[in-house]
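Remarks on the overall topology
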Amino acid sequence: MSHEFEIDSNVSNESLRPPDFPWFGIDVGGTLVKLVYFEPLDLSKEEEFKEGDILRTIRHYLVGNTAYGDTGVRDVDLEIKSIRIGDRLGNLHFIRFPTNQMENFIDLCVKRKFYQLCFQVYATGGGAFKFESVVTENLNLHWVKCDELDMLIEGVEFLNKINNQNECYYFNIEAKKTLDKSPSNSINFDSVLSSSCTSESLSSSVSSSASGTSTDSDYTTCPLTKCNFIKQSYAFKNTYPYILVNIGSGVSVLLVKSENEYKRVSGSSIGGGTFLGLCCLLTGCNTYEEAIDLATKGDSTKVDKLVRDIYGGDYSKFSLPGDIVASSFGNMNVKERREQATREDLARATLQTILNNVGLIARDCAKNYKCERVMFVGTFLRLNGLSKHLLAYATNYWSKGTIKALFLEHEGYFGAIGCLKNFVNRTEMDEENV
């Protein structure tokens, strides 16, 4: 599918000339580096001659591979083809690798003689500062540092424009009613995370209910396997204000009133980095993908202490079903329970702990600022359909259906996209000011 969109900016395109290639945007996060590369499709013969061997090497290496070493990955499914940016036609590629490999990445650039080039790279994230001296000492380029949250917002807005109806989506959740209203059938957020929930059951979909709404009793009597998550496109317009929850190594929560007006209203140190770090300690896993795979197969109720473990059932005075978590990892102080818990159970309980924290902070911020939409973004959600379903369910359940959870296809790459957009728009101005 082609996308014929020009970059939208407050800067007139007439005052700018397209920058020389290559075009990159990079977000160096605490856990992952995200790289966006624009591959030109409309090079003239003169430009191809001017491009030279080194630029051709860059282009062929990046687009000719889907993996780079043991840890670098190009997300082929995210590629946007035939997109027009800065009046140039090309394909947009999305690449990621662990931040602890950043210096190896720089060494690779040196070995491939990228240092013989002189070009700009717009960078964001904490690593844009941390690695600045290493980059500039080894590569002959202008390293332009950009504000992390500015780039995030601009990237979200820009990709929603160029990817139109294909970027933003939500889940219609249909909870099938059952005749049995007994307490043993009660369900809540913890039940969403129970072992009865598999990736297959999460992916099942049927038509949404005619009303599009569900009552409290619908949710509290519906096992997860009878919940249907129907992915539906969401038109990203007239969405202001909304809460933006960026789940990276940590969590930042922003109130977005417009593309140019936002503020940070909350956050947490308990985020994706916490999940991976704890899973590595508790399960012996080594990668994020492995941790998520373990969590998908686990049962958190073998690790957490539930309301029923304390009260023997529901805590009806405050409408708390017995299956809700009273204490994360609360059963792990008992030797027998520790021996029964598997690696998968520990990973699942870790994921639940993280998402409980994120979901409740997001819900409270949305209520405080009277927002009906919460947009969850971040690399943590990439290849993590389980967490998306859990956040969607939790947001809907705890807000009684008044708050909609939104998600985006290019999770984690918005900071890099914001950098690319600003690189294309500001190159000429920067050259005049250097």
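Scope of this entry: the structure provided in the associated data block. If you're wondering where the values come from, they're calculated on a predicted model, not measured in any experiment.

**Side note on the overall build of the protein**
On a plain count of helices and strands, the protein comes out with 15 helices and 17 strands. Looking at the protein alone, contacts between residues at least 24 apart form 74% of all its contacts between residues at least 6 apart. Accessible surface, the protein as shown: approximately 19,600 Å² in total, 48% of it carbon and sulfur.

**Things to note about a nonpolar patch on the surface**
A grouping of L278, L281 and L282 is seen on the molecular surface, where their side chains present a nonpolar patch of about 290 Å² in accessible area. Within the fold, L278 resides in helix α9 (residues 272–283).

**Some words on the nonpolar core**
Judged by nonpolar contacts, the single largest core of 43 residues is most densely connected at I243, V245, I247, F275, F376 and F407. Here F275 is in contact with Y288, A291, I292, A347, T350, L351, I354 and F380, once residues within four sequence places are set aside. Residues V36, V377, C419 and F423 belong to the second largest nonpolar core, which totals 42 residues.

**So, α9**
Helix length check: α9 (12 residues) gives 16 Å between terminal C-alpha atoms against 16 Å at 1.5 Å per residue, within 8%. Of the surrounding secondary structure, the elements contacted by the buried residues of α9 are β11 (242–247), α10 (288–297) and α13 (343–368).

**What to know about the environment of A349**
Mapping A349 onto the fold places it in helix α13. We classify A349 as buried; its relative accessible area is 0%. For the pair formed by A349 and F275, sequence separation is 74 residues and the distance between their alpha carbons is 9.9 Å. Not counting residues within four places of it along the chain, the set of residues in contact with A349 comprises S300, V303, D304 and F329.

**Some details on α13**
Spanning 26 residues, α13 covers 38 Å between terminal C-alpha atoms, matching the ideal 38 Å at 1.5 Å per step. Downstream of α13 by one or two residues, K370 has phi in the positive range, about 55°.

**As for the packing of α9 against α10**
For the pair α9 and α10, the least separation of the axes is 10 Å and the interaxial angle reads 75°. The angle between the axes of α9 and α10 places the two elements in the roughly perpendicular class. Residue-level inspection shows F275, L276, C279 and T283 of α9 in contact with α10, the latter providing Y288, A291, I292 and L294.

**Section: the packing of aromatic side chains**
The full count for this structure, using the stated rule, is 21 aromatic pairs. With centroids separated by 5.1 Å and ring planes inclined at 70°, the aromatic side chains of F94 and Y413 adopt a geometry described as edge-to-face. You can see F94 sitting in strand β6 (residues 88–98) and its partner Y413 sitting in the loop between β17 (404–408) and α15 (414–433), a full 319 residues away along the chain. Given the relative accessible area of 0%, F94 is considered buried. For the pair F171 and F229, a centre-to-centre distance of 6.3 Å together with 80° between the ring planes defines the contact as edge-to-face. Highlighted residues: F171 in strand β9 (residues 168–175) and F229 in strand β10 (residues 227–233), separated in sequence by 58 residues. No difference in accessibility class separates F171 from F229, as the two residues are buried. These aromatic residues form a ring-pair network of at least three members: F21, W23, F38, Y122 and F423. Lying over the aromatic face of Y170, K404 brings its terminal NZ or CZ to 4.0 Å of the ring centre.

**Considering the packing of α9 against α13**
Two elements in contact, α9 and α13, have axes whose closest approach is 10 Å; the angle formed by their N-to-C orientations is 160°. By the angle between their directions, the pair α9 and α13 is classed as roughly antiparallel. In this structure, α9 meets α13 at a crossing whose hand is right-handed. Of α13, the residues touching α9 (which contributes T274, F275, L278, C279, L282 and T283) are R343, L346, A347, T350, L351 and I354. Broken down by class, the residue content of the contact of α9 with α13 amounts to eight nonpolar, three polar and one charged.

**Overview of the environment of G418**
In this structure, G418 sits in helix α15. Along the backbone, G418 and A123 are 295 residues apart, and their C-alpha atoms lie at a distance of 9.3 Å.

**Thoughts on the pairing of strand β2 (residues 32–40)**
Buried residues dominate β2, accounting for eight of its nine residues. Here six bridges tie strand β1 (residues 23–28) to β2, and the two strands are oriented antiparallel to one another. Paired with I26 across the strands is L35, a residue of β2. Relative to β6, β2 is paired through nine bridges, and the arrangement is antiparallel. For P40, the partnering residue across the bridge sits in β6 and is G90.

Each value, and the rule that gives it
Residues numbered from 1 in each chain as written. Predicted model: local features only at pLDDT ≥ 70, side-chain atom pairs only at ≥ 80, totals over all residues. Heavy atoms only, no water. Helix = DSSP H or I, 4+ residues; strand = E, 2+ residues; numbered from the N terminus. Contact = heavy atoms within 4.5 Å. Areas by Shrake-Rupley, 256 points an atom, 1.4 Å probe, with all protein chains shown as cover. Patch = residues over 30% accessible without salt bridge, like charges linked within 9 Å, V, L, I, M, F, W, Y side chains within 5 Å. Salt bridge = Lys/Arg side-chain N within 4 Å of Asp/Glu carboxyl O. Core = buried A, V, L, I, M, F, W, Y, C linked by side-chain atoms within 4.5 Å. Buried < 20%, exposed > 50% of the residue type's maximum accessible area, 1.4 Å probe, protein only. Expected span 1.5 Å × (residues − 1). Axes fitted to C-alpha atoms, helices over the stretch in contact; angles between N-to-C directions. Parallel < 35°, antiparallel > 145°, perpendicular 65-115°, else oblique. Phe/Tyr/Trp six-rings, centres within 6.5 Å; stacked < 30°, edge-to-face > 60°. Lys NZ or Arg CZ within 6 Å of the ring centre and 35° of its normal. Left-handed = near helix turned anticlockwise from the far one by under 90°. Nonpolar A, V, L, I, M, F, W, Y, C, P; charged D, E, K, R; others polar. Pairing = 2+ DSSP bridges.

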